[in-house]
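Structural overview
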Amino acid sequence: MTAPVGEGFPKAARVRRRREYLSLGRTARRRHTRHFVLLSEAHTSISRLGVTVSRKVGGAVVRNHVKRCVREFFRRDPQRLLSHHDLVVIAKPGAGDLVFHEIANELATAVASRAERSRRS
RNA sequence: AGACCGGAUCGGGCGGUCGCGCCUCCAUGACCGGAGGCGAGGAAAGUCCGGACUCCGUAGGGCAGAGUGGCCGUUAACGGCGGCCCGUCGUGAGGCGGGGAAAGUGCCACAGAAAGCAGACGGCCGGCGCUUCGGUGUCGGUCAAGGUGAAACGGUGAGGUAAGAGCUCACCAGGUCCCGGGGUGACCCAGGAUGCUCGGCAAACCCCACUCGGAGCAAGACCAAAUAAGAGGGUUGGGCGGCCCGCCUCAAGACCCUCGGGUAUGGUCGCUGGAGCCGUCCAGUAAUGGACGGCCUAGAGGAAUGACCGUCGCCUCCUUUUGGGAGGGACAGAAUCCGGCUUACAGAUCCGGUCUGGAU
RNA sequence: GUCCCCGUCGUCUAGCUCGGCCCAGGACACCGGCCUUUCACGCCGGUAACACGGGUUCAAAUCCCGUCGGGGACG
């Protein structure tokens, strides 16, 4: 059996450097939901994901859990990442109280409307 | 059976699907890929102590500063731990606390006559004088009473006296001195003398004893790339933690500050095998130490342990004949490592012990 | 990760050195009243805090210890 294409999530598909986060924060397009802020910007070759969860969200356990859930959501269906774009998800306070499917629903609607809008333009 | 006290262990199990980090092997120019192995905690937390390790030139003496504080032991070290001593709380198992106030300085608000050392105030009594017979002046004796206050010059009783007082006596409490016995010691036990009666605060300054050089893995070492070669001012040596002594290095630069300009915040090592874990035996009351055997047990760097499903087990609620349905599952995430302390924690299990009640 | 600093009315602060006069003072804000035709200004009065928990002490905002929260520095 062969895994579906893009099910993995290696290091190359993540935003790694603080500089990159800061430049995205300056120039990227923003989209707000109730518990998250999504930043996206066109990138060279591949699509990458970065997650930011500050200490306002909670302790180390809940922050790690939010990061893992966000990564899991995009890992299950990489089509949710726009191709050749960097996407940064920033968690707002309160995101730590959500379970996986609540995070998934919220991100799914955000991603869907964004994809629709970019398709229109 | 109930109410407690002390200590220890665990922190859901099994199976599946997808996914992540590191290591080894295969393959490869490299990425990718394949197989196998390993992959959070008792507190990983707070960063409150102590070490290892690294750098600061050697880390030596003194002052200053900081810390600890019954005694003995234990340890690499400690403010930890163990045993004991004393005080205190509890019916008890047990809990909590711990140098010195007679070396000096300081403070003790309000109230109170008085707050530290002895007296004044006020009072009691006696002699003498005056007297309107109520008292009053003076000399002397004396401290028992004085609303207070956290704390008041030993306490209770009796004798004694003009009035009284350890003035005397009995008992009680404490101090000082002498001496005997036990204990490594803190200290305990017993005897004698002395009427000696002496406040609290050192988490106030301080005294005594002991300990401490400073910074910290973002320490530090190496590699690669880039650049600038500056200008002005100051100090004449410069270099540790506050200072001094002492020490090191240099002889034409060295150091500091400001301004201007620029690059960058990459990679490798440090990085996990250690005062390590488990078991048995020995020494010791114990903390702990020793011997033997076995084991290898996370090493990331915007940072890996997750998501979903099934099932079993636990708890709560609803319905209820079995049964069925719904929900819950704590505190919390390694970042150089280790020994402690402290704090958070649903629930479960085990060991030892105390009190009360019942039964025999 | 390591090392520091700070928490006082709604806000900004004084008091902390060296404990007591402090159920904590001031300013702005808020509430009520007076003044004014009304508003503002002014005057009078009031509400309101020592981050939390222990300890030392007769007595703690102050001294000691521990939690919690906030802020900062270091390549």
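Residues numbered from 1 in each chain as written. Chains lettered and ligands numbered in written order. Predicted model: local features only at pLDDT ≥ 70, side-chain atom pairs only at ≥ 80, totals over all residues. Heavy atoms only, no water.

**Here we look at the overall build of chain A**
- When helices and strands are counted, chain A shows three helices and four strands.
- Put simply, chain A runs from its N terminus to its C terminus through helices and strands in the order α-β-β-β-α-β-α.
- Across the 121 residues of chain A, 32% fall into the buried class.
- With the model as given, the accessible surface of chain A reaches about 7,800 Å², and the carbon-plus-sulfur share is 51%. (Helix = DSSP H or I, 4+ residues; strand = E, 2+ residues; numbered from the N terminus. Buried < 20%, exposed > 50% of the residue type's maximum accessible area, 1.4 Å probe, protein only. Areas by Shrake-Rupley, 256 points an atom, 1.4 Å probe, with all protein chains shown as cover.)

**As for the sheet that holds strand β1 (residues 29–32)**
- Pairing is mixed in the open sheet, where four strands are placed in the order β1-β2-β4-β3. For this open sheet the edge positions go to β1 and β3 (48–52), each flanked by a neighbour on one side alone. Between one strand axis and the next, the sheet turns through 20° on average, direction left out of account.
- Relative to strand β4 (residues 85–91), strand β2 (residues 36–42) runs antiparallel, the two sharing seven bridges. For Leu38, the partnering residue across the bridge sits in β4 and is Val89. (Pairing = 2+ DSSP bridges. Axes fitted to C-alpha atoms, helices over the stretch in contact; angles between N-to-C directions.)

**Here we look at the pairing of β2**
- Burial runs high along β2: five of the seven residues are buried.
- Between β1 and the antiparallel strand that follows it, β2, lie three residues.

**A look at the pattern of salt bridges**
- Applying the stated criterion to the full structure yields two salt bridges.
- One salt bridge connects Glu72 with Arg75, and the closest N-O pair in it is separated by 2.8 Å. Taken as a pair, Glu72 and Arg75 lie in helix α2 (residues 60–76) at a separation of three residues, close to a single helical turn.
- Residues Arg76 and Glu72 are paired through a salt bridge, measuring 3.1 Å at the closest nitrogen-oxygen approach. Of this pair, Arg76 and Glu72 both sit in helix α2, four residues apart, which is roughly one turn of that helix.
- For Glu72, a relative accessible area of 25% puts it in the partly exposed group.
- Among the ionic contacts, a cluster of salt bridges with common partners joins Glu72, Arg75 and Arg76. (Salt bridge = Lys/Arg side-chain N within 4 Å of Asp/Glu carboxyl O.)

**Some thoughts on the confidence of the model for chain A**
- Of all residues in chain A, 77% attain a pLDDT of 70 or more, and the chain-wide mean is 76.
- Below pLDDT 50 for its whole length, residues 1–6 participates in three contacts with residues either more than four positions away or in separate chains.
- Across the interface, the model reports ipTM at 0.80; the global pTM reads 0.79. (pLDDT = per-residue confidence, 0-100. Contact = heavy atoms within 4.5 Å.)

**Describing the packing of aromatic side chains**
- On inspection of all chains with the given rule, the structure shows one aromatic pair.
- Summarising the aromatic geometry, the rings of Phe73 and Phe74 are spaced 4.9 Å apart at their centres and angled 80° between planes, so their arrangement reads as edge-to-face. (Phe/Tyr/Trp six-rings, centres within 6.5 Å; stacked < 30°, edge-to-face > 60°.)

**Looking at the environment of Ser40**
- Structurally, Ser40 is set in strand β2.
- Measuring from C-alpha to C-alpha, the distance between Ser40 and Leu22 comes to 12 Å, with 18 residues separating the pair along the chain.
- Look past the residues within four positions of Ser40 in its chain and what remains in contact with it is Ala28, Arg29, Asp86, Leu87 and Arg114.

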